[in-house]
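Understanding the architecture of this molecule
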Amino acid sequence: MTQQLMTLAELHADAVSAWFGSHKVLDQVSLVMPAGRVTALIGPSGCGKSTFLRILNRMHELVPGASLAGEVRLDGNDIYEPQRRVIDARRQIGMVFQKPNPFPAMSVYDNVVAGLKLTGVRVTRRERDDLVEECLTKAGLWREVRDRLRDPGGALSGGQQQRLCIGRALAVRPRVLLMDEPCSALDPTSTRRIEETIAELVTEVTIVIVTHNMQQAARVSDECAFFLAEHGSPGAIVEHGPTGSMFDSPQDQRTSDYVHGRFG
Ligand SMILES: Nc1ncnc2c1ncn2[C@@H]1O[C@H](COP(=O)(O)OP(=O)(O)OP(=O)(O)O)[C@@H](O)[C@H]1O
């Protein structure tokens, strides 16, 4: 696979609403997630952050009874257009989950290239070797595992497994990486390592991260969107903007209360 020089991509959600059965959980959420930036989604439990994230790469529709309205555009192209294949959206917009989920019995090497087959990308052996090194380097894991490439993915530490999952996500060359609380199962050192990796990756992939950790949002993100579902109403964005302003001079009292730990 030749190195593709991709421009950075902007992701744009427009009036996104979501339901599980008849239960509406998101109402008219619009958000621009700028190219080459880290956007953090923050807010109390149950306000719809993960649902919104899963709508951004067409995973919400995997849940039986789930539905949605609105548009999601990647560089202007609606990922929900009927003629677009679901797999294309998921290849271009990758996801890293809360709990590291490498294939535990599969080798570190095979974990990285696992997504290629699924997305129909064919590569030579030599290209595969180069790709594994490149993606593990970008994920900040290469130096730790270059002599353990044949070990099972499940033999790595939790933090290493999460970086392996980042490497696996990068191997199909996504334009956006979605991260759903990627550090919540990790110790502080591994968390710091992932945060460094995020800072390095954002020069080539747009990142959207859900986090409950306000210090983390402040450290890693350029922009923040504060979600809230008040009094049983569906989740909506109260306020969004540059992270510095959201923390230092929020416009809405509820944002101020949340980012300063007064509720949630
Ligand atoms: N598979 C599902 N089936 C039915 N309802 C669901 C499902 N997943 C989420 N919900 C509901 O949708 C709402 C939003 O949930 P979601 O997980 O998106 O919130 P969240 O802000 O990410 O929460 P948390 O921070 O706790 O992960 C909640 O009321 C939740 O109970």
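For the structure itself, look to the data block above.
Bear in mind the structure is a predicted one, so any value in this text is a computation, not a measurement.

**Side note on the overall build of the protein chain**
- Helix and strand counts for the protein chain stand at ten helices and ten strands.
- Relative to the compact-globule value of 18 Å for 264 residues, the protein chain shows a C-alpha radius of gyration of 18 Å, a close match.
- Dimensions of the protein chain along its principal axes, counting C-alpha atoms only, are 55 × 45 × 30 Å.
- When burial is assessed residue by residue, the protein chain has 43% of its 264 residues classed as buried.
- Summarising the internal contacts of the protein chain: among those between residues at least 6 apart in sequence, 70% fall at separations of at least 24.

**Examining the pairing of strand 1 (residues 11–20)**
- Across seven bridges, the pairing between strand 1 and strand 2 (residues 23–33) is antiparallel. Following the sheet pairing, Ala 13 is matched in strand 2 by Leu 31.
- Here strand 1 folds back onto strand 2 in antiparallel fashion, the turn holding two residues, of which Gly 21 has a positive phi close to 60 degrees.
- Note that strand 1 and strand 4 (residues 66–74) share eight bridges and pair antiparallel. Each bridged residue has a counterpart across the sheet, and for Ala 13 the counterpart in strand 4 is Val 72.

**Considering the environment of Gly 46**
- Tracing the backbone through its elements, the reader meets Gly 46 in the loop between strand 3 (38–42) and helix 1 (49–55).
- A sequence separation of 148 residues divides Gly 46 from Ile 194, and the C-alpha atoms of the two residues are 25 Å apart.

**Considerations on the packing of helix 6 (residues 158–170) against helix 7 (residues 188–201)**
- Direction vectors running N to C along helix 6 and helix 7 enclose 20 degrees, while the axes themselves pass 9 Å from each other. Relative to helix 7, the element helix 6 lies roughly parallel. Read as a crossing pair, helix 6 and helix 7 show a hand that is right-handed. Taking contact as the criterion, the partners of Gly 158, Gly 159, Gln 162, Arg 163 and Ile 166 in helix 6 are, on helix 7, Ser 190, Arg 193, Ile 194 and Thr 197.
- Here the residues of the contact of helix 6 with helix 7 sort into two nonpolar, five polar and two charged.

**Thoughts on the sheet that holds strand 4**
- Spatially, four strands are ordered 2-1-4-5 in an open sheet, and the strand pairing comes out antiparallel. This sheet does not close on itself; its edge strands, each paired only once, are strand 2 and strand 5 (77–78).

**Brief notes about the site of the ligand**
- Around the ligand sit Phe 20, Val 25, Gly 43, Ser 45, Gly 46, Cys 47, Gly 48, Lys 49, Ser 50, Thr 51 and Val 63, and that is every residue in its neighbourhood.
- The residue makeup of the shell around the ligand, split by class, is four nonpolar, six polar and one charged.

**Observations concerning the nonpolar core**
- In this structure, Leu 56 and Val 208 are the most contacted members of the largest nonpolar core, which totals 72 residues.
- With residues up to four places along the chain from it excluded, the contact list for Leu 56 reads Leu 11, Ala 13, Val 72, Ile 93, Leu 178 and Val 208.

**Some thoughts on helix 4 (residues 125–138)**
- With 14 residues, helix 4 extends 20 Å from end C-alpha to end C-alpha; this agrees with the ideal 20 Å at 1.5 Å per step.
- Among all positions in helix 4, only Leu 131, Val 132, Cys 135 and Leu 136 are buried. The buried residues of helix 4 occupy one face: seen down the axis, they fall within an arc of 120 degrees.
- Trailing helix 4 by a residue or two, Gly 140 shows a phi angle of about 75 degrees, which is positive.

Basis of the calculations
Residues numbered from 1 in each chain as written. Predicted model: local features only at pLDDT ≥ 70, side-chain atom pairs only at ≥ 80, totals over all residues. Helix = DSSP H or I, 4+ residues; strand = E, 2+ residues; numbered from the N terminus. Rg over C-alpha atoms; globule rule 2.2 N^0.38 Å. Buried ≥ 20, exposed ≤ 12 C-beta atoms within 10 Å, placed from the backbone. Contact = placed C-beta atoms within 7 Å. Pairing = 2+ DSSP bridges. Axes fitted to C-alpha atoms, helices over the stretch in contact; angles between N-to-C directions. Parallel < 35°, antiparallel > 145°, perpendicular 65-115°, else oblique. Left-handed = near helix turned anticlockwise from the far one by under 90°. Nonpolar A, V, L, I, M, F, W, Y, C, P; charged D, E, K, R; others polar. Near = placed C-beta within 6 Å. Core = buried A, V, L, I, M, F, W, Y, C linked by C-beta atoms within 7 Å. Expected span 1.5 Å × (residues − 1). Arc of directions from axis to C-beta.

What is shown is where atoms sit, not what they do.
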